[in-house]
Amino acid sequence: MTGRAWPLVAAVGLAVAPACASKSLTQLVVVADTDLVIPQQVDEIDLVVTGPSGQTSTATASLAGSGAVTPPLTLALSPGGDALSPVLVRVVGKLGGQVVLERDARTDFVGSDDRELPLDLTTRCLPVACPSGSTCDGTGACVPVEVDASSLPEWPGAPPARMAQGAGGAGVTAVSIGERHGCALTATHRVFCWGNDDAGELGDPSLSRRLAPHAVPAVTSATAIAAGVGYTCALEGDGTVACWGADDTGQLGDGNAGAGRFSAAPQTVRGLQGVTKVDAGEGHACALDGSGAVFCWGRNPHGELGDGTTVARSTPVRVQLATAAVDLAVGEDHTCALLTGGTVQCWGSDEYGQLGDGGSSDSPLPRTVVGLEDVQGLDTGSYHSCAVLTKRAIVCWGRNDHGQLGDGRASGDQSSVPVAVAGLSDSRDVVAGELHTCARADSGVVSCWGDDQFGQLGDGGSAVDAVPVAVVFGDGFLADEIATGNWSVCARRAGGAMRCWGRNDDGQLADGTTTTRRSPVDAVGLP
């Protein structure tokens, strides 16, 4: 379908009208955004808004030959109170009465809050004409319209029937979770982020929390992503690294740093080229290049940059490794690298034995982890570290007060040398969070262990488990990738669909809500 470009309605504001003694939400205004152009012809637009009690308001505008909505559509909503209330917005574009595109968004609002809240509207449909009773599935195929209630967040009242289409993110190729936000990489090398945005970690200058994924507009050629604490980094296709968000300790790597400094616009990390991996921690980040060299930048009070000092750096410094590295992992105050030959070296804070060398003193230079010679992968949590061995077993070391080492102990013990995780013999990957750990088996089955305060073990319970327990997906979901932040976990299956569980007070799970989940739920709004 071809024709003129139509500047689709793309910004939605929640306007608050004054009253005598208080303010209440009275209308929703949709305005055209000329920065977003849909290369297809649309002659009519329908707007559907579902309010917090399930009531629905609708409006229709004919675009005639203008291709713009003038004046903006306005719909009345029920007044809000002081509590957060959910609103679902659906924009439908039609040509000759046939639906040719849909965009959905949801947000929370406080009825007495006197400001506008911008929304992203995630594309649900490609420009293909489908018969009545069906819609396109994001790949160009027409499929029956149906609602998969299990994939949607709790919602008071029935959501529009097409909201379920595309849930999960069929185009997602990688995911990374930080403390209060997450990001996904798509097959088209775009980055979408969601959750908290106090420091611009979503790449959004509005600094607005997003309960659904938001595209980082300036990043269009990413090949890898890393979500840290309050900032994000992306590996670009040309081997450089760009970071955005908090920069109080130099974690953006662009030569600037300062208390309260941040940038929602991606900044190029200085001096890096030929990078093959990037990882981000609480206040520092590191990159691995094609020669096996590791470079780190940011906060450094414990020597986590590995350059022999405890001086913070706003540009990368080279880590003094024993030999070339093939992988790296960044924790809160420590860092580890997998070296050629299968050994591991770690540096930085050793308060809980997370350097794995049998001691407990910090080190600004890499130390070799005791007894490891056959490692194929590793990850670092806030205060513990784990490695996958070539024989598919997992070992962990460091803090263990919540059973995060997985060896059956959860009494506050810690280990400064690796201990075997109980019961795992076919592991492919391991990821470590604040006080929990998860592993993915060759089969795609996911198991977690450690703290379960926010449901991060994914088994539906809340008790600490010092040995692995299987994540309960309920329908045979098998993971192709797992990622964990401090308290939240996501799993991506082959093909891109994603499910998340754990803490969600800032929307870290990308399910459109702020509800903590003790069992996996579908992410929504991903391309």
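Since this is a predicted model, take the numbers as computed values, not measurements.

Strand-to-strand pairing in sheets goes through backbone hydrogen bonds, with the strands running parallel or antiparallel. If you trace the 4 strands from one edge of the open sheet to the other, you get 23-24-25-26, paired in antiparallel fashion. Every interior strand has two partners, whereas the edge strands, strand 23 (325-330) and strand 26 (363-368), have only one. Going across the sheet, the axis of each strand differs from the next one's by a mean of 20°, ignoring polarity.

Right, let's talk about unusual backbone geometry for a bit. Although it is not a glycine, His189 sits at a positive phi angle of roughly 70°. Checked against the element boundaries, His189 lands in the loop between strand 12 (181-186) and strand 13 (191-195). Judged by its relative accessible area of 38%, His189 is partly exposed. The phi angle at Ala510 is positive, at roughly 60°, despite the residue not being glycine. If you trace the backbone, Ala510 turns up in the loop between strand 37 (498-502) and strand 38 (517-522).

Further remarks concern the pairing of strand 32 (residues 436-441). With 6 of 6 residues buried, strand 32 lies mostly within the body of the structure. Because side chains alternate across strand 32, one face comprises the buried residues His436, Cys438 and Arg440, and the other comprises Thr437, Ala439 and Ala441, equally buried. Sheet analysis places strand 31 (residues 427-432) next to strand 32, joined by 5 bridges and oriented antiparallel. Of the residues in strand 32, the one forming a bridge with Val431 is Cys438.

Parameters at a glance
- Every chain's residues receive numbers from 1 upward, in the order its sequence appears when written.
- Where local features are concerned, this predicted model is filtered to residues with pLDDT of at least 70; where side-chain atom pairs are given and counted, the filter is 80 or more; whole-chain, interface and lining totals use all residues.
- Heavy atoms from the whole structure form the basis of all side-chain values; hydrogens and water molecules are not counted.
- Whether two strands pair comes down to DSSP finding at least two bridges between them.
- Helix and strand definitions follow DSSP, with helices as H or I runs of at least four residues and strands as E runs of at least two, each counted in order from the N terminus.
- Lines fitted to C-alpha atoms define the axes here, with helix axes fitted over just the stretch in contact, and angles between the N-to-C directions of these axes take values from 0 to 180 degrees.
- Exposure categories follow from relative accessible area, calculated using a 1.4 Å probe and restricted to protein chains: below 20% of the type maximum is buried, above 50% is exposed, and the middle band is partly exposed.

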